[in-house]
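Fold and contact review
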Amino acid sequence: MFSKKEIFSIPNLISYIRLLLIPVFAYVYLVIETGSTHYFTVLLLIACSLTDYLDGRIARKYQMVTQLGKLIDPVADKLYQLILAIILSFNYQYMKVVCILIIAENSILFFYGGYIYLKYHMFINGAKLPGKIATAVFFVFTIILTLWDLSSSVISLIMIIVMAMTLLNALIFYTLDLHKMHKQGLKAYE
């Protein structure tokens, strides 16, 4: 199992905070704040984006990378992205496409990646550039879409299309990367 030091490392504590902010964000956005602007929700989004940056930065800089952190950080990131996309789909109908792409990417990473790990003991080590770009675009655009009600504008549609394109690019990249790992694993067992 995980040691006490690993469970309570600073980067992991920051990831826990991000996980705890998910229901707070949903409650504030859907229940407390009404109207066309959501200032407090945007502050929560920015806080979550900062925790996403800080936990990885601290873990690498101070050699605090843990096996638990490698598990909890991407789970917190992906869960946060999915919940945010679902919530925004109430105001922006095309965000449902973004939700589907997030689910597809994570399903492939979980199931295909899990299969490759169980069979060959290989896994994708950390986020790759297409995934980082998709995450950055997602967070910047969702902050804008949360701050102002742009639901009937062309700008929101363009932002959602760009989000979908970067997510699709990451999905394709990770799928091809996993497929390459699978082929390497097959060759190793021949």
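Residues numbered from 1 in each chain as written. Predicted model: local features only at pLDDT ≥ 70, side-chain atom pairs only at ≥ 80, totals over all residues. Heavy atoms only, no water.

What follows concerns the domain arrangement of the protein chain. As assigned here, the protein chain comprises domain 1 (1-91) and domain 2 (93-189). Here the C-alpha centre of domain 2 lies 17 Å away from the C-alpha centre of domain 1. Contact residues are listed per partner, giving 22 residues for domain 1 and 21 residues for domain 2. Taken over both partners, the interface formed by domain 1 and domain 2 buries close to 1900 Å², and the fraction arising from carbon and sulfur atoms is 70%. The largest contributions to the domain 1 side of the interface with domain 2 come from Lys 78, Gln 81 and Leu 88, which together make up 27% of the buried area. Counting across the interface, domain 1 meets domain 2 through one salt bridge. Put simply, Lys 78 and Glu 105 hold a salt bridge, and the shortest N to O gap is 4.0 Å. Inspection of the domain 1/domain 2 interface yields one residue pair in polar contact (both at pLDDT 80 or more). With nine residues, the single largest contributor to the side of domain 1 that touches domain 2 is helix 4 (residues 67-88). (Domains from an automatic or database assignment. Contact = heavy atoms within 4.5 Å. Buried area = accessible area lost by both parts, 1.4 Å probe. Salt bridge = Lys/Arg side-chain N within 4 Å of Asp/Glu carboxyl O. Polar contact = N/O pair within 3.5 Å; in protein donor to acceptor, adjacent residues only side chain to side chain. Helix = DSSP H or I, 4+ residues; strand = E, 2+ residues; numbered from the N terminus.)

Taking 1.5 Å per residue as the helical rise, helix 5 (residues 95-120) with its 26 residues ought to reach 38 Å, and the 36 Å between its terminal C-alpha atoms agrees with that figure. Looking at the buried residues of helix 5, the elements they touch are helix 4, helix 6 (129-147) and helix 7 (154-188). His 121 lies just past helix 5 and shows a positive phi near 60°. (Expected span 1.5 Å × (residues − 1).)

What follows is about the packing of helix 2 (residues 10-32) against helix 3 (residues 39-61). Packed helix pairs are specified by the crossing angle of their axes together with the interaxial distance, meaning the distance between the axes. Their axes nearest at 9 Å, the elements helix 2 and helix 3 cross at an angle of 165°. Between helix 2 and helix 3, the angle falls in the class roughly antiparallel. In this structure, helix 2 meets helix 3 at a crossing whose hand is left-handed. Contacts between helix 2 and helix 3 involve Ile 10, Pro 11, Ile 14, Ser 15, Arg 18, Leu 21, Val 24, Phe 25, Val 28 and Tyr 29 from the former and Phe 40, Thr 41, Leu 44, Leu 45, Ala 47, Cys 48, Thr 51, Asp 52, Leu 54, Asp 55, Ile 58 and Ala 59 from the latter. Across the contact of helix 2 with helix 3, the residue classes tally to 16 nonpolar, three polar and three charged. (Axes fitted to C-alpha atoms, helices over the stretch in contact; angles between N-to-C directions. Parallel < 35°, antiparallel > 145°, perpendicular 65-115°, else oblique. Left-handed = near helix turned anticlockwise from the far one by under 90°. Nonpolar A, V, L, I, M, F, W, Y, C, P; charged D, E, K, R; others polar.)

Applying the stated rule across the entire model yields six aromatic pairs. Judged by centre distance (5.9 Å) and plane angle (25°), the ring pair of Tyr 80 and Phe 139 falls under stacked. Of this pair, Tyr 80 sits in helix 4 while Phe 139 sits in helix 6, and the two are 59 residues apart along the sequence. Phe 139 matches Tyr 80 in its accessibility class, with the two residues each being buried. Aromatic side chains Phe 138 and Phe 139 sit 5.8 Å apart centroid to centroid with 75° between the ring planes, which places their arrangement in the edge-to-face category. On the basis of relative accessible area, Phe 138 is assigned to the buried category, the value being 1%. Exposure remark for Phe 139: the relative accessible area of 7% places this residue in the buried category. (Phe/Tyr/Trp six-rings, centres within 6.5 Å; stacked < 30°, edge-to-face > 60°. Buried < 20%, exposed > 50% of the residue type's maximum accessible area, 1.4 Å probe, protein only.)

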